[in-house]
Amino acid sequence: MIDLALPADRMGERLVAFARAFRAPLEETKNGAADDRLEADLQRARVEICALLRSHSGHDFSGYKSKTFIRRVKRHMQILQMPSVESYIGLLQRDANEVTALFRDLLINVTNFFRDTDHSRLWRTL
């Protein structure tokens, strides 16, 4: 999958911006009360994003590992250079294509495992 398609002379600039993009609101820190607020905000956002995914796709991601879920959301936010999780939720509410993109990113792709003949033979013997 391609996240960005740019002319070569603009790639460096965009990669630097991507590397610097939006870290603080989704980064884990160890600062007491601020961490508690951040964790509460992330959990509220996670519940809201899971509800959007469920209404769009019918799949319930509420049992998905929290750190993995937040990491995937963060990746999408960085690609889109979203300044806050609230702005990303707003985008999800307006843009069904982004909901689909996040949904696909959250799915664990296991089909290649079963297509791998070595693994398939092992699976059949179990």
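These remarks concern the structure in this document.

What counts as what
- Residues numbered from 1 in each chain as written.
- Predicted model: local features only at pLDDT ≥ 70, side-chain atom pairs only at ≥ 80, totals over all residues.
- Heavy atoms only, no water.
- Helix = DSSP H or I, 4+ residues; strand = E, 2+ residues; numbered from the N terminus.
- Contact = heavy atoms within 4.5 Å.
- Axes fitted to C-alpha atoms, helices over the stretch in contact; angles between N-to-C directions.
- Parallel < 35°, antiparallel > 145°, perpendicular 65-115°, else oblique.
- Nonpolar A, V, L, I, M, F, W, Y, C, P; charged D, E, K, R; others polar.
- Salt bridge = Lys/Arg side-chain N within 4 Å of Asp/Glu carboxyl O.
- Polar contact = N/O pair within 3.5 Å; in protein donor to acceptor, adjacent residues only side chain to side chain.

Turning our eyes to something else, we now look at the overall build of the protein chain. Counting its secondary structure elements, the protein chain contains seven helices and zero strands. Reading the protein chain from its N terminus to its C terminus gives the helix and strand order α-α-α-α-α-α-α. Of the contacts made within the protein chain by residues no fewer than 6 positions apart, 57% connect residues no fewer than 24 positions apart.

This part is about unusual backbone geometry. At Gln81, a residue that is not glycine, the phi angle is positive and equals roughly 50°. Relative to the assigned elements, Gln81 resides in the loop between helix H3 (66-80) and helix H4 (85-94).

Let us look at the packing of H3 against H4. Between H3 and H4, whose axes approach to 11 Å, the crossing angle comes to 85°. Overall, the two elements H3 and H4 adopt an arrangement that is roughly perpendicular. Here Val73, His76, Met77 and Leu80 of H3 lie close against H4, whose contacting residues are Val85, Tyr88 and Leu91. Looking at the contact of H3 with H4 residue by residue, the class counts come to six nonpolar, one polar and no charged.

What follows concerns the pattern of salt bridges. One pass over the full model with this rule turns up two salt bridges. The partner of Asp105 in a salt bridge is Arg75, and the shortest N-O contact between them spans 3.5 Å. Here Asp105, found in helix H5 (residues 96-106), pairs with Arg75, found in helix H3; they are 30 residues apart in sequence, far enough to count as distant.

Attention now goes to the environment of Glu98. With respect to the helices and strands, Glu98 occurs in helix H5. Between the C-alpha atoms of Glu98 and His76, which are 22 residues apart in sequence, the distance is 8.8 Å. Within polar-contact distance, the side chain of Glu98 engages the side chain of His76 at 2.8 Å.

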